[in-house]
Amino acid sequence: MTPERNARQNIDRLLTAAGWTIQNREQINLGASEGVAVREFPMASGAADYLLFINRKAAGAIEAKPEGTTLGGVSEQTDRYLTGIPANLPCHQSPLPFGYESTGIETFFRDLRDPDSRSRRVFAFHRPETLARWITQRVTLREHLQKLPVLHKDGLRDCQIEAIENLERSFAGNRPRALIQMATGSGKTYTAVSFAYRLVKFARANRILFLVDRNNLGRQTLKEFQQYAAPDDGRKFTELYNVQHLATNRIDAVSKVCVTTIQRLYSMLKGEPDVDERIEERSLYDLGLPSQAEVEYNPEIPISTFDFIITDECHRSIYNRWRPVLEYFDAFIVGLTATPSKQTLGFFNRNLVTEYSHERAVTDGVNVGYEVYRIETEITERGGGVEAGFYVDKRDKRTRETRWEQLDEDMEYGANQLDRAVVAPDQIRTVIRTFRDNLFTQIFPHRTHVPKTLIFAKDDSHAEDILHIVRDEFDRGNEFCKKITYQTSGERPEDLLASFRNSYDPRIAVTVDMVATGTDIKPLECIIFMRNIRSPVYFEQMKGRGTRTISSTDLQAVTPDTNHKTHFVIVDAVGVCENDKTDSRPFERKRSVPLDKLLESVAIGARDSDTLTTLASRLARLDRQIEDEARRQIAEASGGVSLRDMINNLFQATDSDGNLEGNQPLLLTESTEEDLTPELIRERMDQLLTDACKPFDNPELRNTLVELRRQHEQTIDIVSQDTLISAEFDQAAKERAKQVVEGFKQFIEANKDELTAIQIIYSKPYGQRHLTDQQVKELADAIERPPYQLTPAKLWQAYHQLEQSKVKGAGAKKLLTDIISLVRFAIEETETLEPYKDDVNRRFRGWLADQGRGYSEEQMAWLEMIKDHIATSLHIEMEDFEYAPFQAKGGAIKAHQLFGEELTGILAELNERLAA
């Protein structure tokens, strides 16, 4: 068979599959069906290979070429048929709108009505009813895309506005593929829903496909559509348009948006009645399909089913396997990712319409940065061994059936065999125990609730081992720690995720990769890596689970002991961060340098990247903690520059790669035609640095920033490496603690004759120390003011770092009266630093022992209330019985009934023995 004949047979097959009736010229019957393709139809410029009739009128033509013909220059021949219409031929319009060129293997299509109409490759021919519908539309989709109204910007972040506007410019230019790169947590899905609404309403899109690779991501996407309120209407997206999350292999005819997994879509194209739901819950990484999915034309799913395809998490290596599924449809393809790979960029023709990195997101306050806490163990780093003669367990990895076996020869194993061929439970236990022991002192000091923590395991068996050891080491029940993997049974994974996201329990979740990408868990503050990652893109996605910001109210709803999520912590138990596979890294490269020293060094001329990125990181954390009034103070002190602008300017000035490549407009002046020579680039970059640092020349601004930082900071000492032998703060942290303590002692010395509280503690014996609430508050206010700017919590932490053996109860200080204990310890009146309430309790027990008598149960309850009142208020009087908690128990009358004439003497004794 000749190539020409073979091509005609393939074209006939494709046309028939798409619903066309094929006829020869001498047998023409235009009433045979809605769409008729007539071979060798005579036109003014010669015979068209195929002339397409829709409802008895000519609508288009096909130019057929032998297999192997390149079709780039063939459209001119097609044009002659489209324009050379015989005078007596009924047609929908002149010239005919629809032109195809095809070899039967490759097909191109063009709608002449489009602005600057351009040929595009299509998988097959369009169905006649599709072309009939398009003919009735006076304005084509691509013309609508050039006339979209101005974007409503209310409720959108700057990065989202940039993404939508740039994407719509790409659409207007008829670019078939576009890539949106936005950092995890910056609102990619909301951005997609926003532009999907505009495409349906203003571009008249017939239907949009939203592709995910796991069903739980599909459920999240559906919720975004359900919650989206149209900016120009106020109603929800799903009130205006039908959104279908495919649970079967049938597309609803009235749906405007279909959300589904690429696995299900592949199943549909293959004509299968349904897909195993378990496959939809698995990541594409795990499916183990052939190197490329085989796709053939399916008449039930025309290539025009979707006008737009949004493919979420498109960084995944899906293109070798799944590319035919994406390219089946005649649709614009929009990719969403936080971490594009080279392959991703290539698939989208390097049409990166927006690039919003993690670094920019942190400086904008959209994301939070991270710190790394390293745990090393001997077995983790070097492996281990068991001598011959010892018994070991042998466990079937699938069934987990265990038997004993005595070794007849020495067994040695390397670190890379851990939790694969060999399991060392004590290695897992040592890592978890080290995390537990250092959680509230080093990793998250001053916290009492375990932060929401996600542990990445190597596989489901490893996750199972970690799960039980976590519960054991934290002495907690099943609700405290849950496993969320594809093999989780009982509770559904989506229910477990919802609990992890919205409820107090579980505090810790163990996963393999189900929560590695896309899953939104905003309260997450800690990620523990107990598996290594080779893929740089995958590693960045896993880290990204912790970057999301959350409101104080929502965070406190699940983690009651914190107000702000300022950063998250990566606990690296396998060294995965030591050879970081991505460009992102912790901003804080000078962690030991205080903020005032950073500001001072910038003011006197420091311009190195480490200093400026560290300063940007500190200011970004401050921005997450302060209120609008504090921001106003900063802008006023800076002469009108907002804190957010300062952060952005520092980032742009230090982003040398971006300045040289992606951000060249920053380096241009009004003359955009100039050549950016290396000398000019260096000159402009120096100017960016100068401009970014200029606000910090102002001492008023520096003082304002330092004062606000000290009011809101949490001291978090993240040690870069930790061993199981000891877990200590770094030397720089101890130096800072010494400075805090010395400052406090200087304050006491300078104010011992000025402040009444210090005078009394210095000069009066216990029995005569009658401090009042007002005097203690005056003392607390004084130490918080410049130049000392101290707080009881900060002082307690400093003493804990320096003299841990002498400090009790660190990290749980809530009472104002604790400042009395701090003063007494500082002037060496006491040998240990303990909460004031603990001191009062100890003295109360001593007083009871000295009484030589017993008290009834009801009398003891009242004495306990009196003691607690003195611990918080320093003194008790008879009138205090008229207030809570005494009033609810009967007040002064009840006290007299219980103690009679002894009451006055008891109160006097307790005031003298218990108060400072």
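Before reading further, recall that the structure is shown in the block above.
Residues numbered from 1 in each chain as written. Predicted model: local features only at pLDDT ≥ 70, side-chain atom pairs only at ≥ 80, totals over all residues. Heavy atoms only, no water.

A.B. asks: Quick one: what's the story with the overall build of the protein, residue by residue and with numbers?
C.D. replies: In terms of regular secondary structure, the protein is built from 35 helices and 25 strands. Per-residue burial for the protein yields a buried fraction of 53% across its 916 residues. Looking at the protein alone, contacts between residues at least 24 apart form 68% of all its contacts between residues at least 6 apart. Taken as a whole, the protein presents about 41100 Å² of accessible surface, with 45% of it coming from carbon and sulfur. (Helix = DSSP H or I, 4+ residues; strand = E, 2+ residues; numbered from the N terminus. Buried < 20%, exposed > 50% of the residue type's maximum accessible area, 1.4 Å probe, protein only. Contact = heavy atoms within 4.5 Å. Areas by Shrake-Rupley, 256 points an atom, 1.4 Å probe, with all protein chains shown as cover.)

A.B. asks: Could you give me a rundown of the packing of aromatic side chains, with the residues and numbers involved?
C.D. replies: Counted according to the given criterion, the structure contains 32 aromatic pairs. What links up through ring pairs into an aromatic cluster is the set Tyr190, Tyr197, Phe210, Phe225, Tyr228, Phe237 and Tyr241. Over the ring of Phe347 we find Arg177; its NZ or CZ atom is 4.3 Å from the centre of that ring. Here the basic side chain of Arg507 rests over the ring of Tyr504, its NZ or CZ set 4.4 Å away from the ring centre. (Phe/Tyr/Trp six-rings, centres within 6.5 Å; stacked < 30°, edge-to-face > 60°. Lys NZ or Arg CZ within 6 Å of the ring centre and 35° of its normal.)

A.B. asks: Report on the sheet that holds strand β6 (residues 107-111), specifying residues and quantitative values.
C.D. replies: If you trace the seven strands from one edge of the open sheet to the other, you get β1-β2-β3-β4-β5-β6-β7, paired in mixed fashion. Where the open sheet ends on each side, the last strands, each with one partner, are β1 (21-23) and β7 (120-122). For this sheet, the mean angle separating the axes of adjacent strands, direction not counted, is 30°. Where strand β5 (residues 98-102) lies against β6, five bridges are found, and the strand directions are antiparallel. Paired with Gly99 across the strands is Arg110, a residue of β6. Helix α1 (residues 3-17) contacts β1, β2 (35-43), β3 (46-54), β4 (57-64) and β5 of the sheet and is inclined by roughly 10° relative to β3. Relative to the sheet, helix α2 (residues 75-83) contacts β2, β3, β4, β5 and β6, its axis offset from that of β4 by approximately 155°. (Pairing = 2+ DSSP bridges. Axes fitted to C-alpha atoms, helices over the stretch in contact; angles between N-to-C directions.)

A.B. asks: Break down the nonpolar core for me, with residues and values.
C.D. replies: If you look at the biggest cluster of nonpolar residues, it comprises 49 residues, and the most contacted ones within it are Leu15, Phe125, Ile309, Val325, Tyr328 and Phe329. Among the elements that make up this core, the one with the highest residue count is helix α9 (residues 262-269) (five residues). Apart from the residues lying within four places of it in its own chain, the contact partners of Phe329 are Leu265, Leu269, Ile301, Pro302, Ile303, Thr305, Phe306 and Ile309. (Core = buried A, V, L, I, M, F, W, Y, C linked by side-chain atoms within 4.5 Å.)

A.B. asks: Which residues make up unusual backbone geometry, and what values go with them?
C.D. replies: Following Asp505, the chain continues to Pro506 via a peptide bond in cis, the omega torsion being 0°. With respect to the element layout, Pro506 can be found in the loop between α17 (493-502) and β22 (508-511). With an omega of 0°, the peptide bond running from Ala884 to Pro885 counts as cis. As for its position among the elements, Pro885 is in the loop between α33 (857-873) and α34 (891-899). At Asn55, a position not held by glycine, the phi torsion is positive, near 50°. Looking at the element boundaries, Asn55 is found in the loop between β3 and β4. One non-glycine residue, Arg56, lies in positive phi territory at about 75°.

A.B. asks: Pulling in residues and values, what's your account of the environment of Val576?
C.D. replies: Relative to the assigned elements, Val576 resides in the loop between β24 (567-572) and α20 (595-603). By relative accessible area, which is 1% here, Val576 ends up buried. Along the sequence, Val576 and Arg374 sit 202 residues apart, while their C-alpha atoms lie 9.7 Å from each other.

A.B. asks: Please set out the pattern of salt bridges residue by residue, giving values where relevant.
C.D. replies: If you walk through the whole model with that rule in mind, you get 37 salt bridges. Between Arg436 and Asp437 there is a salt bridge, with its nearest N and O atoms 2.8 Å apart. With a relative accessible area of 45%, Asp437 lands in the partly exposed category. A salt bridge links Lys482 to Glu479; the shortest N-O distance between them is 3.4 Å. Linked by salt bridges that have partners in common, Arg429, Arg433, Arg436, Asp437 and Glu473 make up one network. (Salt bridge = Lys/Arg side-chain N within 4 Å of Asp/Glu carboxyl O.)

A.B. asks: So what's going on with the sheet that holds strand β14 (residues 352-356)? Which residues, and what values?
C.D. replies: Ordered by their spatial adjacency, seven strands build an open sheet running β10-β11-β9-β12-β13-β8-β14, and the pairing between neighbours is parallel. Every interior strand has two partners, whereas the edge strands, β10 (243-245) and β14, have only one. Each strand of the sheet is rotated relative to its neighbour by a mean of 15°, with strand direction disregarded. Pairing of strand β9 (residues 208-212) with strand β11 (residues 257-261) involves five bridges; the strand directions are parallel. Across the sheet, Leu209 pairs through a bridge with Cys258, a residue of β11. Of the strands in this sheet, β8 (177-182), β9, β12 (308-311) and β13 (332-337) touch helix α6 (residues 188-201), which is tilted by about 165° from β9. Strand contacts of helix α7 (residues 215-227): β9, β10 and β11, with the helix running at about 165° to β10, the strand carrying the most contacts.

A.B. asks: Which residues make up the pairing of β12, and what are the values?
C.D. replies: The side-chain alternation of β12 yields two buried faces, one formed by Phe308 and Ile310 and the other by Ile309 and Thr311. With four bridges connecting them, β12 and β13 associate as parallel partners. Paired with Ile310 across the strands is Val334, a residue of β13.

A.B. asks: Mind laying out helix α31 (residues 818-826), listing which residues take part and the relevant values?
C.D. replies: Within α31, nine of the nine residues are buried, which leaves the element mostly enclosed by the surrounding structure. Looking only at α31, the buried set comprises Asp818, Ile819, Ile820, Ser821, Leu822, Val823, Arg824, Phe825 and Ala826. Downstream of α31 by a residue or two, Glu828 has a phi angle that is positive, lying close to 65°.

A.B. asks: Residues and numbers for α7, please.
C.D. replies: Look at α7: 19 Å from first C-alpha to last across 13 residues, which is about the 18 Å you get at 1.5 Å a residue. Residues Asn215, Asn216, Leu217, Gly218, Thr221, Leu222 and Phe225 constitute the buried set of α7. (Expected span 1.5 Å × (residues − 1).)

A.B. asks: Can you lay out the packing of α6 against α7 for me, pointing to particular residues and giving the numbers?
C.D. replies: Contact geometry of α6 with α7 gives a least axis separation of 10 Å together with a crossing angle of 50°. Classified by the interaxial angle, the pair formed by α6 and α7 is oblique. α7 is crossed by α6, and the crossing has right-handed handedness. Only Thr221, Glu224 and Phe225 of α7 make contact with α6, whose side of the interface consists of Thr189, Tyr190, Val193 and Ala196. (Parallel < 35°, antiparallel > 145°, perpendicular 65-115°, else oblique. Left-handed = near helix turned anticlockwise from the far one by under 90°.)

A.B. asks: Help me get a handle on the pairing of β4, residues and values and all.
C.D. replies: Here β4 lies mainly inside the structure; seven of its eight residues are buried. Taken together, the five bridges between β3 and β4 define a ladder with antiparallel strand orientation. The residue bridging Phe53 from the neighbouring strand is Ala58, located in β4. Hairpin connection of β3 to β4: two residues between the antiparallel strands, including Asn55 at a positive phi of 50°. By the bridge criterion, five bridges tie β4 to β5 in an arrangement that is parallel. Bridge pairing links Gly60 to Phe98 in β5. Following the backbone out of β4, through α2 and into the adjacent parallel β5, one traces a crossover that is right-handed. (Right-handed = clockwise from strand over helix to strand, strands pointing away.)

A.B. asks: Outline the environment of Val200, supporting the account with residue identities and numerical values.
C.D. replies: With respect to the helices and strands, the residue Val200 is situated in helix α6. Residue Val200 is classed as buried on the basis of its relative accessible area of 6%. With sequence-adjacent residues up to four places away left out, Val200 is seen in contact with Ala205, Ile208, Tyr241 and Lys256.

A.B. asks: So what's going on with the packing of α31 against helix α32 (residues 836-851)? Which residues, and what values?
C.D. replies: In the contact formed by α31 and α32, the axes pass within 7 Å of each other and the chain directions differ by 85°. Classified by the interaxial angle, the pair formed by α31 and α32 is roughly perpendicular. In this structure, α31 uses Asp818, Ile820, Ser821 and Arg824 to contact α32, whose residues at the interface are Tyr836, Lys837, Asp839 and Arg843. Partitioned by chemical class, the residues of the contact of α31 with α32 number two nonpolar, one polar and five charged. (Nonpolar A, V, L, I, M, F, W, Y, C, P; charged D, E, K, R; others polar.)

A.B. asks: Please set out the side chain of Arg142 residue by residue, giving values where relevant.
C.D. replies: Summarising the element assignment, Arg142 is placed in helix α4 (residues 141-145). Comment: no salt bridge for buried Arg142; closest opposite-charge side chain is Asp114, at 4.2 Å. At 3.0 Å, the side chain of Arg142 and the side chain of Asn174 are in polar contact. Contacts of Arg142, omitting those with residues within four sequence positions, involve Asp114, Pro115, Arg120, Asn174 and Phe332. (Lys, Arg positive; Asp, Glu negative; His and termini not counted. Polar contact = N/O pair within 3.5 Å; in protein donor to acceptor, adjacent residues only side chain to side chain.)

Read these as geometric descriptors, not functional statements.
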